[in-house]
Amino acid sequence: MRLEKLVADGAGVSRSDAKELIKSGRVQLLDGEVFLDGKRLEAEEHLYLMLNKPEGFVCATEDKREKTVLELLGEGLSRKELFPVGRLDKDTTGLLILTSDGAFAHAVTHPKKHIFKEYELFTAEPMTAADSEAILGGIELRDGTRCRKAALSIDPEDAKHGWLRLSEGKYHQVKRMLAARGNRVEKLKRISIGGLELDAALMPGQFRLMSREQAEKVFETCGEN
Ligand code: URA
């Protein structure tokens, strides 16, 4: 019965068609995985959403005081056991993935994966070439934590505006990196994770569904990692 359901869900066919597929010998079991005509079937249909997170929402599934990003999804989706992949601060905006797939979320946020994330930032004080150099060398935060090397590009037209690309996700990392340079982040927006870019058509608070293949773009990273 369980195999039938796995085949039906994974191949997008009815239970009776799944039964026929199993009978016909086109379904194989190998190391606990199910294959149809040699192609691995996903055990469950998971959902992957790209959200343009607005300010004022916390990345949690529930919170006693604050509004959570799940409240942006509306009735239909809020019951699908979705949760945010990693965290953005309450006042940070931009690309946030929500999914029901725990294994995917774990792989994206695993500290050893070093997936690149890119942020757009506005600071209180102008940023300088010395800031970029320090950040590229692996900056030390005020509490002594050493960061991996990261790339800060400064807008040539406005030195209080720039882009920071980093491959780790320590708590408040971007804000703490700039604080270590005596500056302060005033606005922060995540624009990409790995090869997945925030869809420019999404207004803050809007989201769209992604296929598993689209979501997997997060694992496409380039450059030195
Ligand atoms: N770094 C921060 O400081 N805040 C975020 O929300 C994300 C990265």
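Calculation rules
- Residues numbered from 1 in each chain as written.
- Predicted model: local features only at pLDDT ≥ 70, side-chain atom pairs only at ≥ 80, totals over all residues.
- Heavy atoms only, no water.
- Domains from an automatic or database assignment.
- Buried < 20%, exposed > 50% of the residue type's maximum accessible area, 1.4 Å probe, protein only.
- Helix = DSSP H or I, 4+ residues; strand = E, 2+ residues; numbered from the N terminus.
- Arc of directions from axis to C-beta.
- Contact = heavy atoms within 4.5 Å.
- Phe/Tyr/Trp six-rings, centres within 6.5 Å; stacked < 30°, edge-to-face > 60°.
- Near = heavy atom within 4 Å.
- Polar contact = N/O pair within 3.5 Å; in protein donor to acceptor, adjacent residues only side chain to side chain.
- Areas by Shrake-Rupley, 256 points an atom, 1.4 Å probe, with all protein chains shown as cover.
- Nonpolar A, V, L, I, M, F, W, Y, C, P; charged D, E, K, R; others polar.

### Some details on the domain arrangement of the chain
Right, so step 1: Each assigned domain of the chain is listed with its residue range as follows: domain 1 (3-40), domain 2 (48-111 + 195-219) and domain 3 (116-193).
Right, so step 2: On a C-alpha basis, the centroid separation for the pair domain 1 and domain 2 is 31 Å.

### Some points on helix 5 (residues 129-136)
Right, so step 1: All of the buried residues along helix 5 are D131, S132 and I135. Mapping the buried residues of helix 5 onto a view down its axis gives an arc of 100°, with all of them on the same face. Set apart from the buried face of helix 5 by more than 90 degrees, the exposed residues are A129 and E133.
Right, so step 2: Those residues of helix 5 that are buried are in contact with strand 10 (151-155), strand 11 (158-166) and helix 6 (173-179).
Right, so step 3: Positive phi shows up at G138, right after helix 5, with a value of about 95°.

### Quick look at the packing of aromatic side chains
Right, so step 1: Scanning the model with the defined rule gives 2 aromatic pairs in all.
Right, so step 2: Between Y48 and F104, the ring centres sit 5.2 Å apart and the planes meet at 80°, which makes this aromatic pair edge-to-face. Placement of the pair is Y48 in strand 4 (residues 48-53) and F104 in helix 4 (residues 102-109), with a sequence separation of 56 residues. In this structure, Y48 and F104 share a single accessibility class: buried.
Right, so step 3: Ring plane angle 80° and centroid distance 5.8 Å describe the contact between F104 and F219, whose orientation is recorded as edge-to-face. Linking F104 in helix 4 with F219 in the segment after helix 7 (212-215), this pair joins segments that are 115 residues apart in sequence.
Right, so step 4: The partly exposed category is assigned to F219, whose relative accessible area is 32%.
Right, so step 5: An aromatic cluster of at least three residues, connected via ring pairs, comprises Y48, F104 and F219.

### Looking at the site of the ligand
Right, so step 1: Neighbouring the ligand are the residues L88, D89, T92, Y119, H172, Q173, V174, K175 and L188.
Right, so step 2: Note that a nitrogen atom of the ligand is positioned 2.7 Å from one of the side-chain N or O atoms of D89.
Right, so step 3: Taking Q173, its main chain carries an N or O atom lying 3.4 Å from an oxygen atom of the ligand.
Right, so step 4: For the ligand, the accessible surface in isolation is 240 Å², of which the surrounding protein chains cover 94%.
Right, so step 5: Across the shell around the ligand, the residue classes tally to 4 nonpolar, 3 polar and 2 charged.
Right, so step 6: The residue makeup of the shell around the ligand includes at least three contributed by each of domain 2 (48-111 + 195-219) and domain 3 (116-193).

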